[in-house]
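Descriptive structure summary
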Amino acid sequence: MDEWTKFKKELLKSKEVYKEYKKLEPKYRLISQLIAARKKENVTQKQLAKKIGTKQSAIARLENGNANPTLSFLEKISYALNTKLLIELG
(Lines give C-alpha, C1' and ligand atoms only; values in the text may rest on other atoms or scores of the structure.)
Protein backbone atom coordinates (compact mmCIF):
# COMPACT_ATOMS: atom_id res chain seq x y z
CA MET A 1 0.00 0.00 0.00
CA ASP A 2 1.52 3.35 -1.02
CA GLU A 3 1.76 6.34 1.31
CA TRP A 4 -1.20 8.20 -0.23
CA THR A 5 -3.47 5.17 0.16
CA LYS A 6 -2.45 4.77 3.79
CA PHE A 7 -2.97 8.47 4.45
CA LYS A 8 -6.36 8.49 2.73
CA LYS A 9 -7.50 5.42 4.66
CA GLU A 10 -6.54 7.11 7.92
CA LEU A 11 -8.32 10.36 6.98
CA LEU A 12 -11.51 8.56 6.02
CA LYS A 13 -11.85 7.18 9.53
CA SER A 14 -13.22 10.60 10.48
CA LYS A 15 -16.98 10.70 9.89
CA GLU A 16 -16.81 14.36 8.82
CA VAL A 17 -14.01 13.75 6.33
CA TYR A 18 -15.75 10.63 5.01
CA LYS A 19 -19.02 12.51 4.51
CA GLU A 20 -17.28 15.32 2.57
CA TYR A 21 -15.27 12.81 0.55
CA LYS A 22 -18.44 10.99 -0.50
CA LYS A 23 -20.06 14.31 -1.40
CA LEU A 24 -17.18 15.28 -3.72
CA GLU A 25 -16.46 11.82 -5.10
CA PRO A 26 -18.74 12.01 -8.19
CA LYS A 27 -17.22 15.33 -9.28
CA TYR A 28 -13.67 14.05 -9.05
CA ARG A 29 -14.54 10.73 -10.68
CA LEU A 30 -15.94 12.68 -13.64
CA ILE A 31 -12.82 14.86 -13.79
CA SER A 32 -10.56 11.78 -13.73
CA GLN A 33 -12.56 10.17 -16.52
CA LEU A 34 -12.42 13.33 -18.65
CA ILE A 35 -8.67 13.64 -18.24
CA ALA A 36 -8.18 9.93 -19.00
CA ALA A 37 -10.33 10.19 -22.15
CA ARG A 38 -8.44 13.29 -23.32
CA LYS A 39 -5.09 11.61 -22.78
CA LYS A 40 -6.29 8.39 -24.45
CA GLU A 41 -7.11 10.42 -27.56
CA ASN A 42 -3.71 12.13 -27.25
CA VAL A 43 -5.34 15.57 -27.23
CA THR A 44 -4.05 18.60 -25.34
CA GLN A 45 -6.32 20.94 -23.43
CA LYS A 46 -5.76 23.54 -26.13
CA GLN A 47 -6.67 21.12 -28.93
CA LEU A 48 -9.80 19.99 -27.09
CA ALA A 49 -10.83 23.58 -26.47
CA LYS A 50 -10.46 24.37 -30.18
CA LYS A 51 -12.53 21.32 -31.14
CA ILE A 52 -15.45 22.43 -28.98
CA GLY A 53 -15.16 26.17 -29.53
CA THR A 54 -13.94 27.33 -26.15
CA LYS A 55 -10.71 28.48 -24.53
CA GLN A 56 -7.99 26.27 -23.07
CA SER A 57 -8.55 27.95 -19.71
CA ALA A 58 -12.13 26.59 -19.62
CA ILE A 59 -10.80 23.04 -20.03
CA ALA A 60 -8.15 23.67 -17.36
CA ARG A 61 -10.77 24.99 -14.91
CA LEU A 62 -12.91 21.92 -15.52
CA GLU A 63 -9.99 19.54 -15.03
CA ASN A 64 -8.91 21.39 -11.88
CA GLY A 65 -12.38 21.11 -10.37
CA ASN A 66 -12.99 24.85 -10.55
CA ALA A 67 -15.90 24.74 -12.99
CA ASN A 68 -19.49 23.58 -12.90
CA PRO A 69 -20.03 22.39 -16.48
CA THR A 70 -23.40 22.25 -18.17
CA LEU A 71 -24.70 19.04 -19.65
CA SER A 72 -24.27 20.60 -23.09
CA PHE A 73 -20.60 21.35 -22.38
CA LEU A 74 -20.00 17.76 -21.26
CA GLU A 75 -21.75 16.46 -24.38
CA LYS A 76 -19.44 18.56 -26.58
CA ILE A 77 -16.38 17.23 -24.78
CA SER A 78 -17.64 13.66 -25.00
CA TYR A 79 -18.25 13.97 -28.74
CA ALA A 80 -14.86 15.62 -29.33
CA LEU A 81 -13.12 12.80 -27.45
CA ASN A 82 -15.02 10.04 -29.26
CA THR A 83 -16.62 8.83 -26.04
CA LYS A 84 -20.14 8.26 -24.84
CA LEU A 85 -21.51 10.41 -22.03
CA LEU A 86 -23.29 8.22 -19.51
CA ILE A 87 -25.05 9.71 -16.51
CA GLU A 88 -26.19 7.43 -13.75
CA LEU A 89 -28.26 8.20 -10.70
CA GLY A 90 -28.13 5.66 -7.97
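Structure report, in brief. In this text, all values refer to a predicted model and were calculated from it rather than measured experimentally.

Helix and strand counts for the chain come out as five helices and zero strands. In the chain, the order of α-helices and β-strands from amino to carboxyl end is α-α-α-α-α. For the chain, the C-alpha radius of gyration of 15 Å lies well beyond 12 Å, the compact-globule estimate for 90 residues. Considering only C-alpha atoms, the chain reaches an extent of 45 × 30 × 20 Å along its principal axes. Every one of the 90 residues in the chain was classed for burial, and the buried ones make up 23%. In the chain, once contacts between residues fewer than 6 apart in sequence are set aside, the share between residues at least 24 apart is 43%. One finds the centroid of the 20 positive side-chain charges in the chain at a distance of 6 Å from the centroid of its 10 negative side-chain charges.

We now examine the environment of A67. Turning to its location among the elements, A67 is positioned in the loop between α4 (56-64) and α5 (71-80). Each C-alpha atom of the pair A67 and K27 lies 10 Å from the other, and the pair is 40 residues apart in sequence. Apart from residues lying up to four places away in sequence, A67 is in contact with K27, R61 and L62.

Summed over all chains, the structure comprises one aromatic pair. Measuring from ring centre to ring centre gives 6.0 Å for W4 and F7, while their planes differ by 45°; the resulting arrangement is tilted. Of this pair, W4 and F7 are both found in helix α1 (residues 3-11), three residues apart, which corresponds to roughly one turn of the helix. Overall, the relative accessible area of 47% leaves F7 in the partly exposed class.

So, about the packing of helix α3 (residues 45-52) against α4. Direction vectors running N to C along α3 and α4 enclose 115°, while the axes themselves pass 8 Å from each other. Taken together, the axes of α3 and α4 lie roughly perpendicular to each other. Handedness of the α3/α4 crossing: right-handed. Between α3 and α4, the residues in contact are Q45, K46, L48, A49 and I52 and Q56, I59, A60 and E63, respectively. When grouped by side-chain class, the residues that make up the contact of α3 with α4 number five nonpolar, two polar and two charged.

Cut-offs applied
- Residues numbered from 1 in each chain as written.
- Predicted model: local features only at pLDDT ≥ 70, side-chain atom pairs only at ≥ 80, totals over all residues.
- Heavy atoms only, no water.
- Helix = DSSP H or I, 4+ residues; strand = E, 2+ residues; numbered from the N terminus.
- Rg over C-alpha atoms; globule rule 2.2 N^0.38 Å.
- Buried < 20%, exposed > 50% of the residue type's maximum accessible area, 1.4 Å probe, protein only.
- Contact = heavy atoms within 4.5 Å.
- Lys, Arg positive; Asp, Glu negative; His and termini not counted.
- Charge placed at Lys NZ, Arg CZ, Asp CG, Glu CD.
- Phe/Tyr/Trp six-rings, centres within 6.5 Å; stacked < 30°, edge-to-face > 60°.
- Axes fitted to C-alpha atoms, helices over the stretch in contact; angles between N-to-C directions.
- Parallel < 35°, antiparallel > 145°, perpendicular 65-115°, else oblique.
- Left-handed = near helix turned anticlockwise from the far one by under 90°.
- Nonpolar A, V, L, I, M, F, W, Y, C, P; charged D, E, K, R; others polar.

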